[in-house]
Amino acid sequence: MPLDNNRCENAIRPFVLGRKGWLFSDTVKGARASANLFSIVETAKVNGVEPHAYLSLLFAQLPYAKTVEDFEGLLPWNLKPALAAAASHESAARKKADA
C-alpha cells in the first residue's frame, strides 16, 4: 500500500485552489448550487465522461425529463454511449472541414 495519497489529493486540488473565492459566497443557496455543480462535474470525470460535453448534453435534455427513468437516463454512466457517438461524429465533421 502506498504511503502517499496523491490520487485523492489531485482529485480535490481544484476545490482547494478555489477555496478563497468560495469564502465569499453571498448565500447558502449559492454555495449549495456550487457544490451541486462541482459534484456533477466530478461524477462525470470519475465515470470517464468529459465534463463540458456531459453538461452540454445534460442541460439540453434536462427540460424534457419527466419521469424517474428519464432523470436516471441522464446520469453520466447512462449517457456514456451517447457522448461517445457525439464525439466521434464531431471528430468526423472536424476532419471533413479540415480537408
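Shown above is the structure to which this text applies.
Scoring rules and cut-offs
- Residues numbered from 1 in each chain as written.
- Predicted model: local features only at pLDDT ≥ 70, side-chain atom pairs only at ≥ 80, totals over all residues.
- Heavy atoms only, no water.
- Helix = DSSP H or I, 4+ residues; strand = E, 2+ residues; numbered from the N terminus.
- Polar contact = N/O pair within 3.5 Å; in protein donor to acceptor, adjacent residues only side chain to side chain.
- Core = buried A, V, L, I, M, F, W, Y, C linked by side-chain atoms within 4.5 Å.
- Buried < 20%, exposed > 50% of the residue type's maximum accessible area, 1.4 Å probe, protein only.
- Contact = heavy atoms within 4.5 Å.
- Expected span 1.5 Å × (residues − 1).
- Arc of directions from axis to C-beta.
- Salt bridge = Lys/Arg side-chain N within 4 Å of Asp/Glu carboxyl O.

> Quick question: what am I supposed to make of the side chain of E42 here?
Position of E42 among the secondary structure elements: in helix α3 (residues 28–46). A distance of 3.2 Å separates polar atoms of two side chains, one belonging to E42 and the other to K45.

> Would you mind going over the nonpolar core with me for this structure?
Membership of the largest hydrophobic core is limited to 10 residues, which are V41, A44, V49, Y54, L55, L58, A65, L74, L79 and L83. Residue assignment for this core shows that the elements contributing at least two residues are α3, α4 (51–61) and α6 (76–98). L83 has contacts with V49, A53, Y54 and L57, leaving out every residue within four places of it along the chain.

> I tried to follow α3 on my own but got confused; where do I start?
Within an α-helix, residues lying three or four positions from one another point in the same direction, as the helix has 3.6 residues per turn. With 19 residues, α3 extends 27 Å from end C-alpha to end C-alpha; this agrees with the ideal 27 Å at 1.5 Å per step. Residues of α3 that are buried include every one of V41, E42 and A44, and no others. Axial view of α3: buried residues confined to an arc of 155 degrees, hence all on one face. Summarising the geometry of α3, the exposed residues directed more than 90 degrees from the buried face are V28, K29, R32 and V46. Where α3 ends, the next residue or the one after it, G48, has phi of about 75 degrees, a positive value.

> What is the right way to look at the pattern of salt bridges in this model?
Any two side chains of opposite charge can pair, given that their charged atoms come close. Enumeration over the complete set of coordinates arrives at one salt bridge. Put simply, E42 and K45 hold a salt bridge, and the shortest N to O gap is 3.2 Å. In this pair, E42 and K45 both sit in helix α3, three residues apart, roughly one turn of the helix. Using a relative accessible area of 19% as the deciding quantity, one classes E42 as buried.

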